[in-house]
Amino acid sequence: MIANYGYKNGSGDFFIAIDTDKCDGCGDCVSACPNNVFVVGEDPNDPLRDEPVAMVGEEHRKKLKYTCAPCKPDRDRSALACVAACKPLAISHSW
Amino acid sequence: MTDKKEFWRWKEYRWHDETMDWKNADIISTGVDIGSVSSQAVILVDGKLYAFSNQRTGSDSPESANQAINWAMENTGMTLDDIHYSVGTGYGRVNVPFADKAITEIACHARGGNFMYGPSVRTILDMGGQDCKAIRCDEKGKVEAFLMNDKCAAGTGRGMEVFADLLSVPIEEVGELSLSVEEEPEPVSSTCVVFAKSEASALLREGWPKHKVLAAYCAAMAHRIVTLLERIDVQRDFAITGGIAKNSGVVKRLEKELGLEALKSTYDSQIAGALGGALFARALETKRRKS
(Lines give C-alpha, C1' and ligand atoms only; values in the text may rest on other atoms or scores of the structure.)
Protein backbone atom coordinates (compact mmCIF):
# COMPACT_ATOMS: atom_id res chain seq x y z
CA MET A 1 0.00 0.00 0.00
CA ILE A 2 1.22 3.52 -0.73
CA ALA A 3 0.37 5.49 2.39
CA ASN A 4 0.39 9.22 1.69
CA TYR A 5 0.67 11.28 4.86
CA GLY A 6 0.40 15.02 4.70
CA TYR A 7 -1.75 17.55 2.95
CA LYS A 8 -2.28 19.79 -0.01
CA ASN A 9 -2.96 23.47 0.39
CA GLY A 10 -2.63 26.72 -1.51
CA SER A 11 1.16 26.65 -1.33
CA GLY A 12 1.68 23.13 -2.60
CA ASP A 13 1.65 19.38 -1.98
CA PHE A 14 3.33 18.20 1.18
CA PHE A 15 3.15 14.43 1.36
CA ILE A 16 5.47 11.75 2.65
CA ALA A 17 4.63 8.48 0.93
CA ILE A 18 5.49 5.17 2.57
CA ASP A 19 5.28 1.99 0.52
CA THR A 20 4.08 -0.42 3.19
CA ASP A 21 4.75 -3.42 0.97
CA LYS A 22 8.44 -2.51 1.03
CA CYS A 23 8.57 -1.31 4.63
CA ASP A 24 9.62 -4.03 7.06
CA GLY A 25 9.11 -1.96 10.19
CA CYS A 26 12.86 -1.87 11.04
CA GLY A 27 12.63 1.63 12.49
CA ASP A 28 15.80 3.07 10.85
CA CYS A 29 13.78 6.12 9.76
CA VAL A 30 12.64 6.74 13.33
CA SER A 31 16.20 7.22 14.57
CA ALA A 32 17.39 8.95 11.38
CA CYS A 33 14.83 11.78 11.43
CA PRO A 34 16.03 14.77 13.45
CA ASN A 35 12.45 15.86 14.09
CA ASN A 36 10.97 12.52 15.12
CA VAL A 37 8.47 12.50 12.31
CA PHE A 38 8.22 8.71 12.08
CA VAL A 39 6.77 6.09 14.36
CA VAL A 40 6.66 2.34 13.94
CA GLY A 41 3.72 0.27 15.04
CA GLU A 42 0.70 -1.76 14.06
CA ASP A 43 -0.61 -0.66 10.67
CA PRO A 44 -3.80 1.28 11.41
CA ASN A 45 -4.86 1.06 7.79
CA ASP A 46 -4.43 -2.69 7.47
CA PRO A 47 -5.77 -4.39 10.60
CA LEU A 48 -5.07 -7.84 9.26
CA ARG A 49 -1.32 -7.21 8.80
CA ASP A 50 0.83 -8.72 11.57
CA GLU A 51 4.16 -7.02 10.84
CA PRO A 52 4.78 -3.51 12.24
CA VAL A 53 5.06 -0.64 9.79
CA ALA A 54 6.46 2.90 9.70
CA MET A 55 4.12 5.87 9.52
CA VAL A 56 4.18 9.61 9.99
CA GLY A 57 3.22 10.54 13.53
CA GLU A 58 -0.23 12.00 13.94
CA GLU A 59 1.03 15.35 15.30
CA HIS A 60 3.23 15.99 12.23
CA ARG A 61 0.73 15.24 9.47
CA LYS A 62 -0.72 18.71 9.27
CA LYS A 63 2.55 20.63 9.34
CA LEU A 64 5.04 18.62 7.30
CA LYS A 65 6.02 21.67 5.25
CA TYR A 66 7.45 23.21 8.40
CA THR A 67 8.62 20.10 10.22
CA CYS A 68 10.66 18.93 7.25
CA ALA A 69 11.94 22.39 6.30
CA PRO A 70 15.29 22.10 8.16
CA CYS A 71 16.23 19.12 5.95
CA LYS A 72 15.27 20.99 2.79
CA PRO A 73 17.49 24.05 2.41
CA ASP A 74 17.29 26.03 -0.85
CA ARG A 75 20.77 25.07 -1.94
CA ASP A 76 23.42 22.46 -1.16
CA ARG A 77 20.74 20.04 -0.17
CA SER A 78 22.05 16.62 0.82
CA ALA A 79 19.93 13.48 0.64
CA LEU A 80 17.05 13.48 3.08
CA ALA A 81 18.00 11.57 6.24
CA CYS A 82 14.84 9.46 6.26
CA VAL A 83 15.07 8.54 2.58
CA ALA A 84 18.79 7.71 2.89
CA ALA A 85 18.27 5.60 6.00
CA CYS A 86 15.53 3.47 4.52
CA LYS A 87 17.18 0.33 3.11
CA PRO A 88 14.09 -1.06 1.38
CA LEU A 89 13.57 2.35 -0.33
CA ALA A 90 10.07 2.70 1.00
CA ILE A 91 10.05 6.45 1.72
CA SER A 92 9.58 9.31 -0.71
CA HIS A 93 8.67 12.99 -0.44
CA SER A 94 6.37 14.84 -2.81
CA TRP A 95 8.15 18.18 -2.56
CA MET B 1 -38.84 35.98 17.56
CA THR B 2 -39.61 32.91 15.50
CA ASP B 3 -37.22 30.00 15.51
CA LYS B 4 -34.60 30.28 12.84
CA LYS B 5 -34.80 27.38 10.42
CA GLU B 6 -31.66 25.30 10.34
CA PHE B 7 -31.10 24.73 6.64
CA TRP B 8 -27.96 22.71 7.18
CA ARG B 9 -29.74 20.13 9.31
CA TRP B 10 -30.03 16.83 7.48
CA LYS B 11 -32.34 14.04 8.47
CA GLU B 12 -31.14 11.58 11.07
CA TYR B 13 -32.58 8.11 10.75
CA ARG B 14 -32.31 4.43 11.54
CA TRP B 15 -33.31 1.20 9.86
CA HIS B 16 -33.43 -2.49 10.68
CA ASP B 17 -34.42 -5.56 8.75
CA GLU B 18 -37.56 -6.83 10.44
CA THR B 19 -37.56 -10.07 8.49
CA MET B 20 -34.24 -11.17 9.93
CA ASP B 21 -33.88 -13.18 13.13
CA TRP B 22 -30.59 -12.52 14.87
CA LYS B 23 -31.12 -14.82 17.86
CA ASN B 24 -29.56 -17.90 16.29
CA ALA B 25 -26.78 -15.99 14.59
CA ASP B 26 -23.22 -17.24 14.77
CA ILE B 27 -21.46 -13.87 14.65
CA ILE B 28 -23.00 -10.48 15.36
CA SER B 29 -20.51 -7.74 14.51
CA THR B 30 -20.78 -3.97 14.60
CA GLY B 31 -18.91 -0.99 13.29
CA VAL B 32 -19.30 2.48 14.75
CA ASP B 33 -18.01 5.42 12.75
CA ILE B 34 -17.66 8.59 14.83
CA GLY B 35 -16.99 11.30 12.29
CA SER B 36 -16.46 14.98 12.84
CA VAL B 37 -19.99 15.80 11.73
CA SER B 38 -21.97 12.54 11.62
CA SER B 39 -21.89 9.20 13.44
CA GLN B 40 -23.11 5.85 12.19
CA ALA B 41 -23.52 2.42 13.71
CA VAL B 42 -23.92 -0.68 11.55
CA ILE B 43 -24.88 -4.14 12.82
CA LEU B 44 -24.14 -7.19 10.72
CA VAL B 45 -25.68 -10.57 11.44
CA ASP B 46 -23.49 -13.30 9.95
CA GLY B 47 -22.15 -10.80 7.44
CA LYS B 48 -25.57 -9.53 6.35
CA LEU B 49 -26.70 -5.96 6.96
CA TYR B 50 -29.19 -6.08 9.82
CA ALA B 51 -29.46 -2.55 11.20
CA PHE B 52 -27.92 0.89 11.06
CA SER B 53 -28.33 4.37 12.43
CA ASN B 54 -27.08 7.71 11.14
CA GLN B 55 -27.02 10.82 13.30
CA ARG B 56 -25.05 13.95 14.08
CA THR B 57 -21.98 13.67 16.27
CA GLY B 58 -22.38 15.49 19.55
CA SER B 59 -19.64 17.20 21.49
CA ASP B 60 -18.96 14.03 23.45
CA SER B 61 -17.56 11.16 21.34
CA PRO B 62 -18.19 8.27 23.79
CA GLU B 63 -21.75 9.50 24.25
CA SER B 64 -22.26 9.76 20.47
CA ALA B 65 -20.99 6.20 20.08
CA ASN B 66 -23.39 4.91 22.71
CA GLN B 67 -26.29 6.80 21.18
CA ALA B 68 -25.49 5.52 17.69
CA ILE B 69 -25.35 1.87 18.71
CA ASN B 70 -28.39 2.12 20.98
CA TRP B 71 -30.40 3.73 18.24
CA ALA B 72 -29.40 1.03 15.76
CA MET B 73 -30.47 -1.63 18.30
CA GLU B 74 -33.78 0.09 19.08
CA ASN B 75 -36.80 -2.23 18.90
CA THR B 76 -34.64 -5.18 17.90
CA GLY B 77 -34.35 -6.72 21.37
CA MET B 78 -30.58 -6.76 20.91
CA THR B 79 -28.28 -5.46 23.66
CA LEU B 80 -24.53 -4.74 23.72
CA ASP B 81 -23.95 -8.16 25.35
CA ASP B 82 -25.28 -9.91 22.24
CA ILE B 83 -22.61 -8.33 20.06
CA HIS B 84 -19.49 -10.45 19.62
CA TYR B 85 -17.07 -7.91 18.20
CA SER B 86 -17.18 -4.14 17.75
CA VAL B 87 -14.88 -1.92 15.74
CA GLY B 88 -14.62 1.82 16.19
CA THR B 89 -13.58 4.02 13.29
CA GLY B 90 -13.55 7.68 12.21
CA TYR B 91 -12.14 10.71 14.03
CA GLY B 92 -13.51 9.54 17.35
CA ARG B 93 -12.49 5.89 16.93
CA VAL B 94 -10.41 5.71 20.08
CA ASN B 95 -13.37 7.07 22.04
CA VAL B 96 -15.82 4.25 21.38
CA PRO B 97 -16.22 2.74 24.86
CA PHE B 98 -17.45 -0.69 23.80
CA ALA B 99 -15.11 -1.19 20.83
CA ASP B 100 -12.76 -4.18 20.80
CA LYS B 101 -10.51 -2.48 18.28
CA ALA B 102 -10.06 0.88 16.56
CA ILE B 103 -9.35 0.85 12.80
CA THR B 104 -8.77 3.89 10.60
CA GLU B 105 -11.59 5.05 8.39
CA ILE B 106 -9.33 4.55 5.38
CA ALA B 107 -9.29 0.77 5.81
CA CYS B 108 -12.99 0.78 6.73
CA HIS B 109 -14.15 2.83 3.76
CA ALA B 110 -12.26 0.59 1.37
CA ARG B 111 -13.81 -2.51 2.90
CA GLY B 112 -17.28 -0.96 3.16
CA GLY B 113 -17.08 0.45 -0.36
CA ASN B 114 -16.15 -2.98 -1.66
CA PHE B 115 -19.29 -4.43 -0.03
CA MET B 116 -21.57 -1.60 -1.19
CA TYR B 117 -20.36 -1.15 -4.74
CA GLY B 118 -19.01 -4.60 -5.50
CA PRO B 119 -15.52 -5.97 -6.19
CA SER B 120 -15.01 -3.90 -9.36
CA VAL B 121 -14.39 -0.76 -7.30
CA ARG B 122 -10.77 0.43 -7.51
CA THR B 123 -11.00 4.04 -6.41
CA ILE B 124 -13.08 5.28 -3.51
CA LEU B 125 -13.47 8.88 -2.65
CA ASP B 126 -14.78 9.44 0.83
CA MET B 127 -16.15 12.94 1.16
CA GLY B 128 -16.78 13.40 4.81
CA GLY B 129 -17.78 16.16 7.14
CA GLN B 130 -14.37 17.69 7.67
CA ASP B 131 -11.94 15.83 5.50
CA CYS B 132 -11.64 14.11 2.22
CA LYS B 133 -9.95 10.79 1.53
CA ALA B 134 -9.00 9.21 -1.74
CA ILE B 135 -8.44 5.46 -1.55
CA ARG B 136 -7.35 2.94 -4.17
CA CYS B 137 -8.17 -0.67 -3.33
CA ASP B 138 -8.04 -4.13 -4.83
CA GLU B 139 -10.93 -6.49 -5.59
CA LYS B 140 -11.09 -7.61 -1.97
CA GLY B 141 -11.34 -4.10 -0.60
CA LYS B 142 -7.75 -4.04 0.63
CA VAL B 143 -6.12 -0.60 0.49
CA GLU B 144 -3.44 -0.17 -2.19
CA ALA B 145 -2.89 3.56 -1.84
CA PHE B 146 -4.48 6.34 0.08
CA LEU B 147 -4.36 10.03 0.51
CA MET B 148 -6.10 12.15 3.05
CA ASN B 149 -6.56 15.85 3.25
CA ASP B 150 -7.54 16.72 6.76
CA LYS B 151 -5.94 20.09 7.11
CA CYS B 152 -9.08 22.11 6.71
CA ALA B 153 -12.81 21.91 6.08
CA ALA B 154 -12.50 23.18 2.50
CA GLY B 155 -14.39 21.04 0.05
CA THR B 156 -16.18 18.98 2.66
CA GLY B 157 -19.64 18.40 4.01
CA ARG B 158 -19.26 21.01 6.70
CA GLY B 159 -18.52 23.65 4.07
CA MET B 160 -21.67 22.63 2.22
CA GLU B 161 -23.68 23.00 5.42
CA VAL B 162 -22.38 26.54 5.84
CA PHE B 163 -23.46 27.36 2.30
CA ALA B 164 -26.91 25.84 2.77
CA ASP B 165 -27.36 28.09 5.76
CA LEU B 166 -25.99 31.20 4.06
CA LEU B 167 -28.39 30.81 1.14
CA SER B 168 -31.34 29.44 3.13
CA VAL B 169 -31.53 26.33 0.98
CA PRO B 170 -32.22 22.98 2.72
CA ILE B 171 -29.03 20.89 2.47
CA GLU B 172 -30.80 18.05 0.64
CA GLU B 173 -31.82 20.42 -2.15
CA VAL B 174 -28.45 22.11 -2.70
CA GLY B 175 -27.26 19.66 -5.39
CA GLU B 176 -30.34 19.73 -7.60
CA LEU B 177 -30.72 23.48 -7.29
CA SER B 178 -27.11 24.07 -8.30
CA LEU B 179 -27.68 21.96 -11.41
CA SER B 180 -30.56 24.15 -12.52
CA VAL B 181 -28.23 26.86 -13.84
CA GLU B 182 -28.45 27.42 -17.58
CA GLU B 183 -24.78 28.14 -17.91
CA GLU B 184 -22.01 27.04 -15.56
CA PRO B 185 -20.60 30.06 -13.71
CA GLU B 186 -16.92 30.49 -12.95
CA PRO B 187 -16.13 28.50 -9.77
CA VAL B 188 -15.52 30.55 -6.62
CA SER B 189 -11.79 31.12 -6.38
CA SER B 190 -11.31 29.56 -2.97
CA THR B 191 -12.79 26.47 -1.40
CA CYS B 192 -11.73 27.66 2.04
CA VAL B 193 -15.11 27.90 3.73
CA VAL B 194 -14.42 31.26 5.31
CA PHE B 195 -13.11 32.88 2.12
CA ALA B 196 -15.68 31.21 -0.11
CA LYS B 197 -18.46 32.43 2.12
CA SER B 198 -17.36 36.03 1.89
CA GLU B 199 -16.91 35.64 -1.86
CA ALA B 200 -20.42 34.24 -2.10
CA SER B 201 -21.81 37.15 -0.08
CA ALA B 202 -20.24 39.52 -2.58
CA LEU B 203 -21.75 37.59 -5.49
CA LEU B 204 -25.19 37.73 -3.88
CA ARG B 205 -24.80 41.45 -3.49
CA GLU B 206 -23.99 41.69 -7.17
CA GLY B 207 -27.34 40.10 -7.80
CA TRP B 208 -26.38 36.49 -8.50
CA PRO B 209 -29.32 34.14 -7.89
CA LYS B 210 -28.89 31.41 -5.26
CA HIS B 211 -28.59 28.53 -7.69
CA LYS B 212 -25.77 30.25 -9.53
CA VAL B 213 -23.82 30.84 -6.31
CA LEU B 214 -24.32 27.21 -5.33
CA ALA B 215 -23.17 26.09 -8.77
CA ALA B 216 -20.01 28.18 -8.38
CA TYR B 217 -19.30 26.59 -4.99
CA CYS B 218 -20.08 23.01 -6.04
CA ALA B 219 -17.80 23.46 -9.05
CA ALA B 220 -14.98 24.77 -6.88
CA MET B 221 -15.36 21.82 -4.54
CA ALA B 222 -15.36 19.33 -7.40
CA HIS B 223 -12.23 20.91 -8.86
CA ARG B 224 -10.38 20.81 -5.57
CA ILE B 225 -11.14 17.10 -5.19
CA VAL B 226 -9.93 16.36 -8.72
CA THR B 227 -6.55 17.96 -8.01
CA LEU B 228 -6.33 15.85 -4.87
CA LEU B 229 -7.12 12.69 -6.82
CA GLU B 230 -4.25 13.26 -9.23
CA ARG B 231 -1.80 11.93 -6.66
CA ILE B 232 -3.34 8.49 -6.37
CA ASP B 233 -4.04 7.69 -10.02
CA VAL B 234 -7.79 7.20 -10.36
CA GLN B 235 -8.75 3.83 -11.80
CA ARG B 236 -12.09 2.39 -12.77
CA ASP B 237 -14.51 1.66 -11.19
CA PHE B 238 -14.92 4.77 -9.20
CA ALA B 239 -17.28 5.33 -6.26
CA ILE B 240 -18.02 8.08 -3.78
CA THR B 241 -18.89 7.49 -0.15
CA GLY B 242 -19.78 9.88 2.66
CA GLY B 243 -22.38 12.61 2.84
CA ILE B 244 -21.30 14.59 -0.22
CA ALA B 245 -22.08 11.55 -2.39
CA LYS B 246 -25.70 12.59 -1.88
CA ASN B 247 -25.06 16.02 -3.39
CA SER B 248 -25.65 15.64 -7.12
CA GLY B 249 -24.28 19.14 -7.73
CA VAL B 250 -20.80 18.07 -6.63
CA VAL B 251 -21.02 14.49 -7.93
CA LYS B 252 -22.11 15.48 -11.48
CA ARG B 253 -19.40 18.12 -11.77
CA LEU B 254 -16.80 15.74 -10.41
CA GLU B 255 -17.81 13.07 -12.91
CA LYS B 256 -17.59 15.57 -15.73
CA GLU B 257 -14.14 16.76 -14.74
CA LEU B 258 -12.80 13.23 -14.23
CA GLY B 259 -14.52 11.85 -17.29
CA LEU B 260 -15.67 8.93 -15.15
CA GLU B 261 -19.06 8.00 -13.84
CA ALA B 262 -19.40 7.14 -10.17
CA LEU B 263 -21.05 3.81 -9.33
CA LYS B 264 -24.50 3.88 -7.77
CA SER B 265 -25.43 1.83 -4.76
CA THR B 266 -28.66 0.91 -3.04
CA TYR B 267 -26.93 1.42 0.32
CA ASP B 268 -26.69 4.75 2.09
CA SER B 269 -23.32 6.29 1.14
CA GLN B 270 -22.83 7.63 4.67
CA ILE B 271 -22.66 4.19 6.30
CA ALA B 272 -19.63 2.99 4.30
CA GLY B 273 -17.15 3.50 7.15
CA ALA B 274 -19.26 1.86 9.84
CA LEU B 275 -20.14 -0.96 7.46
CA GLY B 276 -16.46 -1.58 6.74
CA GLY B 277 -15.80 -1.56 10.48
CA ALA B 278 -18.48 -4.19 11.01
CA LEU B 279 -16.99 -6.34 8.23
CA PHE B 280 -13.56 -6.13 9.89
CA ALA B 281 -15.19 -6.94 13.21
CA ARG B 282 -16.57 -10.12 11.69
CA ALA B 283 -13.18 -11.09 10.25
CA LEU B 284 -11.44 -10.36 13.55
CA GLU B 285 -13.97 -12.37 15.55
CA THR B 286 -13.47 -15.32 13.20
CA LYS B 287 -9.70 -14.98 13.67
CA ARG B 288 -10.11 -14.78 17.46
CA ARG B 289 -12.20 -17.97 17.57
CA LYS B 290 -9.62 -19.88 15.56
CA SER B 291 -6.73 -18.96 17.81
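Residues numbered from 1 in each chain as written. Chains lettered and ligands numbered in written order. Predicted model: local features only at pLDDT ≥ 70, side-chain atom pairs only at ≥ 80, totals over all residues. Heavy atoms only, no water.

**Looking at the domain arrangement of chain B**
Residues and elements named next belong to chain B. In terms of domains, chain B is made up of domain 1 (13–112 + 270–290) and domain 2 (122–262). Between domain 1 and domain 2, the C-alpha centre-to-centre distance is 27 Å. Taken together, the contact between domain 1 and domain 2 spans 14 residues of the former and 20 residues of the latter. For the pair domain 1 and domain 2, the interface holds 2 salt bridges. Residue glutamate 105 pairs with lysine 133 through a salt bridge whose shortest N-O separation is 3.9 Å. At the surface where domain 1 touches domain 2, the tally comes to 5 residue pairs in polar contact (both at pLDDT 80 or more). (Domains from an automatic or database assignment. Contact = heavy atoms within 4.5 Å. Salt bridge = Lys/Arg side-chain N within 4 Å of Asp/Glu carboxyl O. Polar contact = N/O pair within 3.5 Å; in protein donor to acceptor, adjacent residues only side chain to side chain.)

**Some words on the nonpolar core**
Membership of the largest hydrophobic core comes to 45 residues, with the highest contact counts inside it found for Ile16 and Phe38 of chain A together with Val42 and Phe146 of chain B. The greatest single-element share of this core, amounting to 5 residues, is contributed by helix α8 (residues 272–290) of chain B. Split by domain, this core shows at least three residues from each of two domains, domain 1 (13–112 + 270–290) and domain 2 (122–262) of chain B. Once residues lying within four places of it in the same chain are set aside, the contact partners of isoleucine 16 of chain A are Ala3, Asn4, Tyr5, Val37, Phe38, Val56, Leu64, Cys68, Ile91, Ser92, His93 and Trp95 of chain A. Of all hydrophobic cores here, the second largest spans 43 residues; its members include Ala134, Val174, Val193 and Phe238 of chain B. (Core = buried A, V, L, I, M, F, W, Y, C linked by side-chain atoms within 4.5 Å. Buried < 20%, exposed > 50% of the residue type's maximum accessible area, 1.4 Å probe, protein only. Helix = DSSP H or I, 4+ residues; strand = E, 2+ residues; numbered from the N terminus.)

**What about the packing of aromatic side chains?**
According to the stated counting rule, one finds 7 aromatic pairs over all chains in the structure shown. Taking 5.7 Å as the distance between ring centres and 55 degrees as the angle between the ring planes, the aromatic pair formed by phenylalanine 115 of chain B and tyrosine 267 of chain B counts as tilted. Here phenylalanine 115 of chain B is found in helix α2 (residues 105–117), whereas its partner tyrosine 267 of chain B is found in the loop between α7 (248–258) and α8, with 152 residues between them in sequence. Overall, the relative accessible area of 28% leaves phenylalanine 115 of chain B in the partly exposed class. An aromatic cluster of three or more residues is present, and its members are Tyr7, Phe14 and Trp95 of chain A. Of note, lysine 72 of chain A hangs over the ring of tryptophan 95 of chain A, and the distance from its end group to the ring centre comes to 3.6 Å. Stacked on the ring of tryptophan 208 of chain B, the Lys or Arg lysine 212 of chain B has its end atom at 4.2 Å from the ring centre. (Phe/Tyr/Trp six-rings, centres within 6.5 Å; stacked < 30°, edge-to-face > 60°. Lys NZ or Arg CZ within 6 Å of the ring centre and 35° of its normal.)

**Some words on the interface of chain B and chain A**
On the side of chain A, 20 residues touch chain B, which itself brings 24 residues to the contact. Together chain B and chain A conceal approximately 2000 Å² of surface at their shared face, both sides included; 53% is due to carbon and sulfur atoms. Here chain B and chain A share 4 salt bridges between them. Linking lysine 142 of chain B and aspartate 46 of chain A is a salt bridge whose minimum nitrogen-to-oxygen distance equals 3.4 Å. Taken together, chain B and chain A are joined by 7 residue pairs in polar contact (both at pLDDT 80 or more). The dominant element in the side of chain B that touches chain A, judged by the number of residues it contributes, is strand β9 (residues 143–149) of chain B, at 7 residues. Where strand β1 (residues 2–9) of chain A and β9 of chain B come together, 3 bridges link them in parallel fashion. (Buried area = accessible area lost by both parts, 1.4 Å probe. Pairing = 2+ DSSP bridges.)

**Things to note about α7 of chain B**
All names here are of chain B. For α7, the full list of buried residues reads Ser248, Gly249, Val250, Val251, Arg253, Leu254 and Glu255. Summarising the contacts, the buried residues of α7 are in contact with β7 (123–127), α3 (157–167), α4 (174–178), α6 (210–229) and β10 (238–241). Once α7 finishes, glycine 259 follows within two positions and takes phi at roughly 70 degrees, a positive value.

**Some points on the pattern of salt bridges**
Any two side chains of opposite charge can pair, on the condition that their charged atoms come close. In total, this model carries 21 salt bridges over all chains according to the counting rule given. Note that arginine 231 of chain B is salt-bridged to aspartate 13 of chain A, the shortest N-O span being 3.8 Å. Placement of the pair is arginine 231 of chain B in the loop between α6 and β10 and aspartate 13 of chain A in strand β2 (residues 12–19), with the two residues belonging to separate chains. Exposure remark for arginine 231 of chain B: the relative accessible area of 33% places this residue in the partly exposed category. A residue is classified by how much of its surface remains accessible, and aspartate 13 of chain A, at 22% relative accessible area, is partly exposed. Salt-bridge contacts for arginine 61 of chain A lead to glutamate 58 of chain A; the nearest nitrogen and oxygen are separated by 3.7 Å. Each of Arg93, Glu105, Asp126, Asp131 and Lys133 of chain B takes part in a single network of salt bridges with overlapping partners.

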